[in-house]
Amino acid sequence: MKNLHDILKKENYKKVKFKITKTQHLLINAKINGVKGNFILDTGASTSCVGFESVDLFLLEAKKSKTKASGAGATGMLTQIAIKNQLQLGTWKDIAFDVVIFDLSHVNEALTQHKAKPVHGIIGADILMKGKAIVDYFNYCLYLQ
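Residues numbered from 1 in each chain as written. Predicted model: local features only at pLDDT ≥ 70, side-chain atom pairs only at ≥ 80, totals over all residues. Heavy atoms only, no water.

In the annotation of an unreviewed UniProt entry, the entry for the chain reads Acid protease, and the organism field reads Flavobacterium gawalongense.

See below:
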């Protein structure tokens, strides 16, 4: 069988490397509105998000949201939303990226307790589905079309 990378390249997929953290999370670099950040790549997260503390960093225009967030041991958390942003993962881009903003302190606290670096946010299934993602765990690569 041909090399996976070669097959996906012919299908116009973009390759993005990720790392595995000490906590076995997938860590990926991304840019939001041209600003670099560290994110957990989470196939189980329905929506991509950033922490409240990163709103100014990523030049987000946060607006009120009635949606409550839950996950990783926390429920009913207040959220905000920022619409029509630019997301870049490697050379793959989304120019109409909507991102949920909420308190990520519980996630970062858990990471730092395990001597892992904190993250700015999470890349979730919304982006993975939009990019027709293929995760190559063996080679630590994410492919997006």
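Moving on from the model shown.
### Comments concerning the overall build of the chain
Regarding its fold elements, the chain presents 3 helices and 11 strands. Helices (α) and strands (β) of the chain occur, in sequence order from the N terminus, as α-β-β-β-β-β-β-β-β-α-β-α-β-β. Judged by the C-alpha coordinates and their principal axes, the chain covers about 50 × 35 × 25 Å. Per-residue burial over the chain gives 39% buried out of 145 residues. Once local pairs closer than 6 in sequence are excluded, the contacts in the chain between residues at least 24 apart make up 59%. When the accessible surface of the chain is split by element, carbon and sulfur atoms take 54% of a total near 8,800 Å². (Helix = DSSP H or I, 4+ residues; strand = E, 2+ residues; numbered from the N terminus. Buried < 20%, exposed > 50% of the residue type's maximum accessible area, 1.4 Å probe, protein only. Contact = heavy atoms within 4.5 Å. Areas by Shrake-Rupley, 256 points an atom, 1.4 Å probe, with all protein chains shown as cover.)

### Structural notes on the environment of D6
For D6, the position within the fold is in helix α1 (residues 4-10). Between the C-alpha atom of D6 and that of L142, which follows or precedes it by 136 residues, the distance is 14 Å.

### A word on the sheet that holds strand β10 (residues 134-136)
Across the sheet, 3 strands lie side by side as β1-β11-β10; this open sheet has antiparallel pairing. In this open sheet, the two strands that pair with only one neighbour each are β1 (14-17) and β10. For this sheet the average axis-to-axis angle between neighbouring strands, irrespective of direction, equals 25°. Here β10 runs beside strand β11 (residues 141-144); their pairing, made up of 3 bridges, is antiparallel. Among the inter-strand pairings, I134 is bridged to a residue of β11, identified as Y143. (Pairing = 2+ DSSP bridges. Axes fitted to C-alpha atoms, helices over the stretch in contact; angles between N-to-C directions.)

### Focus on the pattern of salt bridges
Enumeration according to the criterion identifies 1 salt bridge in this entry. The partner of D94 in a salt bridge is K130, with the nearest N and O atoms 2.9 Å apart. Residue D94 is located in strand β8 (residues 92-102), and its partner K130 is located in helix α3 (residues 125-130); the two are separated by 36 residues in the primary sequence. Taking relative accessible area as the criterion, K130 reaches 45% and is therefore assigned partly exposed. (Salt bridge = Lys/Arg side-chain N within 4 Å of Asp/Glu carboxyl O.)

### Thoughts on the environment of L89
Within the element layout of this structure, L89 appears in strand β7 (residues 74-89). Its relative accessible area of 1% is what places L89 among the buried residues. Taking the C-alpha atoms as reference, L89 lies 8.7 Å from L144; in sequence the two are 55 residues apart. If we skip the residues at most four places from it in the chain, L89 touches V16, I28, N29, A30, I123, I127 and L144.

### Here's the deal with the nonpolar core
Residues I28, L60, L87 and L89 are the most contacted members of the largest nonpolar core, which totals 25 residues. The set of elements that each furnish at least two residues to this core consists of β3 (26-32), β4 (35-41), β7, β8, α3 and β11. Non-local contacts of L60, meaning those with residues more than four positions away in its chain, are made with I32, N33, V50, V55, A82, N85, V99 and I101. (Core = buried A, V, L, I, M, F, W, Y, C linked by side-chain atoms within 4.5 Å.)

### Observations regarding unusual backbone geometry
Located in the positive-phi region is Q24, a residue other than glycine, with phi close to 70°. Take Q24: it is sitting in the loop between β2 (19-20) and β3. The backbone of L59 shows a phi angle near 60°, a positive value even though the residue is not glycine. By the element assignment, L59 lies in the loop between β5 (49-51) and β6 (63-71). Under the relative-accessibility criterion, L59 is labelled exposed at 55%.

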